[in-house]
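Observations on chain architecture
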Amino acid sequence: MRKFILLIACILLCCLSITAFAAKSKVDVTDDELKARETITVNEMNERLQAASDEDLLYVKIRDDRVEVYQGLASDRSLRKQLIIALPPTEMLRLYTKNKATFEQMQKMLSDYERDNTNFNGYKIITDKDNPHKLADGTKIYRCWFMKIAREKASRRGHDFPIGIGIGIGGGHHHGPWIGVGW
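For clarity, every value in this text was computed on a predicted model and none was experimentally measured.

1. Remarks on the overall build of the chain
Looking only at helices and strands, one finds 5 helices and 8 strands in the chain. Taking all 183 residues of the chain together, the buried fraction comes to 26%. Restricting to contacts in the chain with at least 6 residues of sequence separation, those with at least 24 account for 56%. Just so you have it, the chain exposes about 12,900 Å², and 56% of that area is on carbon and sulfur atoms.

Here you go:
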């Protein structure tokens, strides 16, 4: 009996140490990492995109006059996901970058979330990409957009009273008018 209790205690300690190690090794995105590097106007964004820099910057156009700048999204999946969650559910969020890796990773993640119908705090993702805009020197500005659409509640879809009424004339094995009610 004593050996059995020691065996259970060892198994329990092993499980707890594995759980503690997994929790310690989990990397969380801090608020400082998720904050926009800066907030600029659309004109400033256009000027910066015309410049020769190929930094890992993502410009998120929130409204017609407000653009948030984020950095380091090409290699950090967790940061991309937290950004998608944190962005406001406005009409449409437009994303601009000159860094191809940032664009590809962000577009792939958004497309995967749309395809999988992932739930983000009651919202679903709809996305698409635009053709890259070529500058005079041949560099490309990669562009895509996404929307966070509020999910419809089941009570609004008519599942509470799914009754259908149909009226028709002639056809099939019934000759003459018919009225049907079903649920």
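Having seen the model, we can carry on.
2. Re the pattern of salt bridges
Working definition: two side chains of opposite charge can pair if their charged atoms are close together. Using the criterion set out here, one finds 7 salt bridges in the structure. Glu 38 is paired through a salt bridge with Arg 48; the nearest N and O atoms lie 2.7 Å apart. In this pair, Glu 38 sits in strand β1 (residues 38–40) while Arg 48 sits in helix α3 (residues 42–50), placing the two residues 10 residues apart along the sequence. For Arg 48, a relative accessible area of 30% translates into the label partly exposed. Two residues, Glu 104 and Lys 100, come together in a salt bridge whose shortest N-O distance is 3.9 Å. Residue Glu 104 and its partner Lys 100 are both found in helix α5 (residues 100–116); the two are separated by 4 residues, about one turn of the helix. Within this structure, Lys 108, Asp 112, Arg 115 and Asp 116 form a network of salt bridges that share partners.

3. Notes on the sheet that holds strand β6 (residues 140–150)
Read from one edge of the open sheet, 6 strands run β1-β3-β2-β4-β6-β5, paired in antiparallel fashion. Taken across any chain shown, the strands that pair with only one partner, and hence form the sheet edges, are β1 and β5 (123–134). Looking at each pair of strands side by side, their axes are set apart by 25 degrees on average, direction ignored. Where β5 meets β6, 10 bridges bridge the pair, whose relative direction is antiparallel. Bridge pairing links Lys 134 to Lys 140 in β6. Across the sheet, helix α4 (residues 77–86) is in contact with β2 (57–63), β3 (66–71), β5 and β6; its angle to β6 comes to roughly 55 degrees. This element, α5, spans β2, β4 (93–97), β5 and β6 of the sheet and lies at about 150 degrees to β5.

Conventions and cut-offs
Residues numbered from 1 in each chain as written. Predicted model: local features only at pLDDT ≥ 70, side-chain atom pairs only at ≥ 80, totals over all residues. Heavy atoms only, no water. Helix = DSSP H or I, 4+ residues; strand = E, 2+ residues; numbered from the N terminus. Buried < 20%, exposed > 50% of the residue type's maximum accessible area, 1.4 Å probe, protein only. Contact = heavy atoms within 4.5 Å. Areas by Shrake-Rupley, 256 points an atom, 1.4 Å probe, with all protein chains shown as cover. Salt bridge = Lys/Arg side-chain N within 4 Å of Asp/Glu carboxyl O. Pairing = 2+ DSSP bridges. Axes fitted to C-alpha atoms, helices over the stretch in contact; angles between N-to-C directions.

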